[in-house]
Amino acid sequence: MNLELPARPPFSLATAVHSHGWVQLAPFGEDRAAGVLHCVIHLDSGRVVALEVREGGPGVQVSPDTTLTGDEAAEVGRTVTWMLGLDQDFTDFYALAGDEPKLAAMEAQAQGRILRSPTLFEDTVKTILTTNTAWSGTIRMVRRLVDTYGAPLPTDPDRKAFPRPERLAAVDPEELRRAAGLGYRAPYVAELAGAVAGGSLDMEALRETDLPTPELRKQLLSIKGVGDYAAANLLMLLGRYDFLPVDSWALRVVSHEWHGGEPIGRSEVEEAFQAWGPWRGLAYWFWDWSYNSAS
DNA sequence: GGTAGACCTGGACGC
DNA sequence: GCGTCCAGGTCTACC
């Protein structure tokens, strides 16, 4: 049983999937040559299913590895729509970007969507695990977290879904530190999982909130382990582009783009994209960096 | 509000 | 093979 999900044009599955490194993080996977995105998700019914997502029509075709009930199929539809931002509309941004040579190709390439995990909880944990470590470390930590605590896929137990909050909340932080190699980040993940599992923090409600972006940012910053960079990264995933996720890479590319490679600070990065107003994060994310392409 | 130091891991490097 | 250094954001204490 395949699901056909429409996307607001322009849309490209490959562009959305490769919008950042998230596809390299478990339980995502891909067959790049075949143009297939793989993922394993844990449904509300308790079942764990594998999905294959292909571009099809003006949207995507989703192939589960098992027969789904009506409710489960509807949940898969909502989840994949969220993950790929199928209903996102960048018309206003494209109108501005068309006048900027460094962004002018965005509409033709259907850029703008940023691959998300099935839940904001999962994306928040993954974002915490990007901080203060190399990308290879993030890949390793997420993989070990999924392998150690994720619910197995019945048809292939070696493949697992991202662990649910209640599962991680039940793990001693010291075990998280050792078993998943999270280091000092372990108590942050444990505290977040505990808050979500205990009901004191409804992460998924933040996906639909009408809160102004600065207020939403404050809520994200109240999560231990989420600082300026991580909050801005999560806001980007939530479709709020008012803040820039300034990390060491941002300092490097902005320095080479406008400051001759000289050391710069956060303020120079923010100043570079100030003119883009509520779209500044998107302009930064998809900027055609001269340093990046030359290195 | 700004700053210094600690946190943790793995990779690079020198010996 | 071993030891040392470094990169990578956030938190806490302190000024």
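Because the structure is a prediction, the values reported are computed rather than measured. (Residues numbered from 1 in each chain as written. Chains lettered and ligands numbered in written order. Predicted model: local features only at pLDDT ≥ 70, side-chain atom pairs only at ≥ 80, totals over all residues. Heavy atoms only, no water.)

This next bit is on the pattern of salt bridges. Applying the stated criterion to the full structure yields 12 salt bridges. Taking the shortest distance from any N to any O, the salt bridge between R47 and E72 comes out at 2.7 Å. Within this pair, whereas R47 is found in the loop between β3 (36–42) and β4 (48–55), its partner E72 is found in helix α2 (residues 70–84), the two being separated by 25 residues in sequence. Its relative accessible area of 31% is what places R47 among the partly exposed residues. (Salt bridge = Lys/Arg side-chain N within 4 Å of Asp/Glu carboxyl O. Helix = DSSP H or I, 4+ residues; strand = E, 2+ residues; numbered from the N terminus. Buried < 20%, exposed > 50% of the residue type's maximum accessible area, 1.4 Å probe, protein only.)

Looking now at the pairing of strand β7 (residues 156–160). For a regular strand, side chains alternate in direction, first toward one face of the sheet and then toward the other. The pairing of strand β6 (residues 152–153) with β7 spans two bridges and is antiparallel. The residue of β7 that forms the bridge with P152 is K160. Hairpin connection from β6 to β7: two residues lie between these consecutive antiparallel strands. (Pairing = 2+ DSSP bridges.)

Another point: the nonpolar core. Core analysis: the biggest nonpolar cluster contains 90 residues, and V60, L84, F93, L145 and L176 have the highest contact counts within it. Aside from chain neighbours lying at most four places away, what touches L176 is L145, Y149, L168, V171, G181, L182, A186, V189 and A190. (Core = buried A, V, L, I, M, F, W, Y, C linked by side-chain atoms within 4.5 Å. Contact = heavy atoms within 4.5 Å.)

The environment of DNA strand B is formed by N132, R140, R144, R177, G181, G183 and Y184. Of what DNA strand B places within 4 Å of the protein, 91% of the atoms are sugar or phosphate. Within the side chain of R177, a nitrogen or oxygen atom sits 2.3 Å from a phosphate oxygen of DNA strand B. Tallied by class, residues from the surface near DNA strand B come to one nonpolar, three polar and three charged. (Near = heavy atom within 4 Å. Polar contact = N/O pair within 3.5 Å; in protein donor to acceptor, adjacent residues only side chain to side chain. Nonpolar A, V, L, I, M, F, W, Y, C, P; charged D, E, K, R; others polar.)

Helix α4 (residues 120–128) sits mainly inside the fold: nine of its nine residues count as buried. Where α4 is concerned, the buried positions are L120, F121, E122, D123, T124, V125, K126, T127 and I128. In this structure, the buried side of α4 is in contact with α5 (135–149), α6 (165–169), α8 (186–198) and α10 (228–237).

Our next topic: the protein's contact with DNA strand C. In the neighbourhood of DNA strand C, 17 residues make up the surrounding shell, with N132, G225, A230, D247 and R252 lying closest. Residue K224 places a side-chain N or O atom 3.5 Å away from a phosphate oxygen belonging to DNA strand C. Between G227 and DNA strand C, the recorded distance is 3.0 Å, taken from a backbone N or O atom to a phosphate oxygen. When residues of the surface near DNA strand C are traced back to their parent elements, those giving at least two are α10 and α11 (248–258). Looking at the surface near DNA strand C, the element that brings in the most residues is α10, giving three residues. When its residues are assigned to classes, the surface near DNA strand C shows six nonpolar, six polar and five charged.

Before going further, it helps to examine unusual backbone geometry. Residues P9 and P10 are joined by a peptide bond in cis, for which omega reads 0 degrees. Tracing the sequence through the fold places P10 in the loop between β1 (3–6) and α1 (13–17). Residues A26 and P27 are joined by a peptide bond in cis, for which omega reads 0 degrees. Structurally, P27 can be placed in the loop between α1 and β2 (29–31). Positive phi, close to 55 degrees, is recorded for A110, a residue that is not glycine. Its place among the elements puts A110 in the loop between α3 (91–97) and α4.

Where helix α9 (residues 213–221) meets α10, the axes come as close as 9 Å, and the angle between the chain directions of the two elements is 125 degrees. Between α9 and α10, the angle is such that the two are oblique. For the crossing formed where α9 meets α10, the hand is right-handed. Counting all contacts with α9, which are made through T213, L216, R217, L220 and L221, the residues of α10 involved are D228, A231, L234 and L235. In terms of residue class, the contact of α9 with α10 is made up of six nonpolar, one polar and two charged. (Axes fitted to C-alpha atoms, helices over the stretch in contact; angles between N-to-C directions. Parallel < 35°, antiparallel > 145°, perpendicular 65-115°, else oblique. Left-handed = near helix turned anticlockwise from the far one by under 90°.)

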